[in-house]
Every structure is written in structure tokens, then in C-alpha cells.
Amino acid sequence: MTFVKFTPAMPDLFNIMNNAFDRSPLLNCHSIPASNIYEDENGFTIEMAVPGFKKENFKIEVDNHRLTISAEAAQPEGDTRKVHRREFQAQSFSKTFTLSEKTVDESKIDASYENGVL
């Protein structure tokens, strides 16, 4: 089997279209992490898909029945590689959840981070 590199007939147009999709806010909406919210007999669980962060990057605050989860993405130091395409990276974010006064005991909120899931 022989692999042949794809060379578009109009490389400039191909690159323009490819880069336009890369910068599209509709297609590049990964800056707000996806979340799942579950309820069981022990309470509520919020899972957020946030790969690429370290545990110390997260800030979790509760104020006026609002849970805010945020993280600042640190730029990698010393990385001198030339980027040709970047489809994923850790990006700073902030997401707020409104808590029910009647069903959520704010003093029992805790967090863990494992395998890219907070």
C-alpha cells in the first residue's frame, strides 16, 4: 500500500476555507466545558469535561446560591514547537450554576478532578 499526500488543486482556497472554520465561534465553542448534572439519593453531582488542566487551576466559589466554577489556563512554558494546527487546548473558562435553596446544602459542596473530569 502506498500513501499519497493530498494536495488540493487550489491550495490557497483550501487553506482559507480551512482556517475560516478553525476561527468560527460556532464550531470553536469548546471554551465553555460540557457539563452533566445528576441527582441520586445522596444529592447532586456536576461533571465537567475539562481536560488539560491541573487541579490547582480550578477556582470554585459559592455566593448567593450560585456555584461558579472557573479555571485559568496556563500557557506551557518552554514549548518552542511551531503549531501547524491546534484543535484542542485548555482554555480559561467560567461557568455558573444556580443552586436551589431548598434542596442544596452549600456547606457540603466538594470537588474532585480525575482523568480530565471535574
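Above: the structure in question.
How each quantity is defined
- Residues numbered from 1 in each chain as written.
- Predicted model: local features only at pLDDT ≥ 70, side-chain atom pairs only at ≥ 80, totals over all residues.
- Heavy atoms only, no water.
- 1 Å grid on protein atoms, 1.4 Å probe; cavity = no way out; pocket = protein on both sides within 12 Å on 5 of 7 lines; lining within 4 Å.
- Points joined across faces, edges and corners; volume = space filled by probe spheres on them.
- Helix = DSSP H or I, 4+ residues; strand = E, 2+ residues; numbered from the N terminus.
- Nonpolar A, V, L, I, M, F, W, Y, C, P; charged D, E, K, R; others polar.
- Patch = residues over 30% accessible without salt bridge, like charges linked within 9 Å, V, L, I, M, F, W, Y side chains within 5 Å.
- Areas by Shrake-Rupley, 256 points an atom, 1.4 Å probe, with all protein chains shown as cover.
- Salt bridge = Lys/Arg side-chain N within 4 Å of Asp/Glu carboxyl O.
- Core = buried A, V, L, I, M, F, W, Y, C linked by side-chain atoms within 4.5 Å.
- Buried < 20%, exposed > 50% of the residue type's maximum accessible area, 1.4 Å probe, protein only.
- Contact = heavy atoms within 4.5 Å.
- Pairing = 2+ DSSP bridges.
- Axes fitted to C-alpha atoms, helices over the stretch in contact; angles between N-to-C directions.

Novice: Sorry, what's going on with the layout of surface pockets here?
Specialist: The gaps of empty space that remain are located by a probe, the size of a water molecule, rolled over the atoms. In this structure, the largest pocket spans a volume of roughly 760 Å³. Along the wall of the largest pocket there are 26 residues; nearest its centre are Phe 44, Thr 45, Ile 46, Ile 109 and Asp 110. Of all the elements in the fold, those that place two or more residues in the lining of the largest pocket are β1 (35-40), β2 (43-48), β4 (66-71) and β5 (93-98). Considered class by class, the residues forming the lining of the largest pocket number 14 nonpolar, 7 polar and 5 charged.

Novice: Explain a nonpolar patch on the surface here, please?
Specialist: A cluster of nonpolar side chains, namely Ile 60, Val 62 and Ile 109, defines an oily patch on the protein surface of about 190 Å² accessible area. Mapped onto the fold, Ile 60 is located in strand β3 (residues 58-63).

Novice: It is not clear to me how the nonpolar core should be interpreted in this structure. Could you clarify?
Specialist: The tendency in soluble globular proteins is for nonpolar side chains to be buried side by side. By size, the foremost hydrophobic cluster in this structure holds 13 residues, and its most contacted members are Met 48, Val 50, Phe 53, Phe 58, Ile 69, Phe 93 and Leu 118. For this core, the secondary structure elements donating two or more residues are β4 and β5. Non-local contacts of Leu 118, meaning those with residues more than four positions away in its chain, are made with Ile 46, Glu 47, Met 48, Val 50, Phe 58, Ile 69, Ala 111, Ser 112 and Tyr 113.

Novice: Would you mind going over the sheet that holds β4 with me for this structure?
Specialist: Strand pairing in a sheet takes place through backbone hydrogen bonds and is either antiparallel or parallel in direction. Within the open sheet, the 3 strands sit side by side as β3-β4-β5. Their pairing is antiparallel. Two strands in the sheet have a free side with no partner beyond their single neighbour: β3 and β5. Adjacent strand axes in the sheet meet at a mean angle of 15 degrees when their direction is disregarded. Direction of pairing for β4 relative to β5: antiparallel, over a ladder of 6 bridges. Following the sheet pairing, Ile 69 is matched in β5 by Lys 95.

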